[in-house]
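Single-letter residue listing:
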Amino acid sequence: MDHILDPLGSVSAGLAALGASLEGAVVEVRGDRGGCGTGIIWGGTGLVVTNAHCAPRGASLQVVANDVRRDASVLAYHQHHDLALLTAPHARGPLPEIRDPDSLRAGELVFAYGHPLGIKDSLAMGIVHGVARDARSGSARWVVADVRLAPGNSGGPLVDAEGRLVGVNSMVVNGLGVAIPAPVVARFVERVLARRAA
């Protein structure tokens, strides 16, 4: 029996290590209108990406990073992609490597990290169904996966088995998790920072 359980123990340890590696790159996003979401520390320090619906216009926001809760503010929205970029100077952490959605294959394992239903630092496993594309441009619009998401997962990372960022979890459609592809998120952040630097 031990020879059967050994590989399972290795898999379990690997998943626990994956969750631990994401813990320092993810924050809680809280608003004064109730509810909370998840955010990804972007670029090492000071910036957090989350869903626009986690940071509604006019709301007072706080970001919880490394057990420290402080005020945050919105730098920009991309409503079409349900994205918001926040400034939170106390948020520091590594940005996972970005995965090209064109390299994803149906059946690959993916993992959603976040704070569903108020349960901090939760990891859920699922499989890729496919990549939905924009009808006009043909570019990746959504990554669709059979992964369980709940309120609190919004804005958190969807990663592959190597910890690479596949997308930002956004919503559930017909029981399937839907994420904004990581390169779309990266382009949004780059455009915002370029405008601010101009």
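Structure: above.
Conventions we followed
- Residues numbered from 1 in each chain as written.
- Predicted model: local features only at pLDDT ≥ 70, side-chain atom pairs only at ≥ 80, totals over all residues.
- Heavy atoms only, no water.
- Helix = DSSP H or I, 4+ residues; strand = E, 2+ residues; numbered from the N terminus.
- Rg over C-alpha atoms; globule rule 2.2 N^0.38 Å.
- Buried < 20%, exposed > 50% of the residue type's maximum accessible area, 1.4 Å probe, protein only.
- Contact = heavy atoms within 4.5 Å.
- Areas by Shrake-Rupley, 256 points an atom, 1.4 Å probe, with all protein chains shown as cover.
- Lys, Arg positive; Asp, Glu negative; His and termini not counted.
- Charge placed at Lys NZ, Arg CZ, Asp CG, Glu CD.
- Core = buried A, V, L, I, M, F, W, Y, C linked by side-chain atoms within 4.5 Å.

A.B. asks: What should I look at first to understand the overall build of the chain in this one?
C.D. replies: Tallying secondary structure elements over the chain gives two helices and twelve strands in all. In terms of C-alpha radius of gyration, the chain reaches 17 Å, essentially the compact-globule figure of 16 Å for 198 residues. Once the C-alpha set of the chain is aligned to its principal axes, its extents read approximately 60 × 45 × 30 Å. Taken over 198 residues, the chain has a buried fraction of 47%. Pairs at least 24 apart in sequence give 59% of the contacts found in the chain among residues at least 6 apart. Accessible surface, the chain as shown: approximately 9,600 Å² in total, 54% of it carbon and sulfur. With 18 positive and 18 negative side-chain charges, the chain shows a spacing of 10 Å between the two charge centroids.

A.B. asks: Looking at this structure, how should I read the nonpolar core?
C.D. replies: In a soluble, globular protein the nonpolar side chains are often hidden away together inside. Judged by nonpolar contacts, the single largest core of 26 residues is most densely connected at Trp 42, Val 49, Leu 85, Ile 180, Val 185 and Phe 188. In terms of residue count, the dominant contributor to this core is helix H2 (residues 182-197) (seven residues). Setting aside chain neighbours within four positions, we find Leu 85 in contact with Leu 47, Val 48, Val 49, Ser 73, Val 74, Leu 75, Ala 76, Phe 188, Val 189 and Val 192. Val 29, Leu 61, Val 63 and Ala 91 belong to the second-largest nonpolar core, a separate cluster that totals 16 residues.

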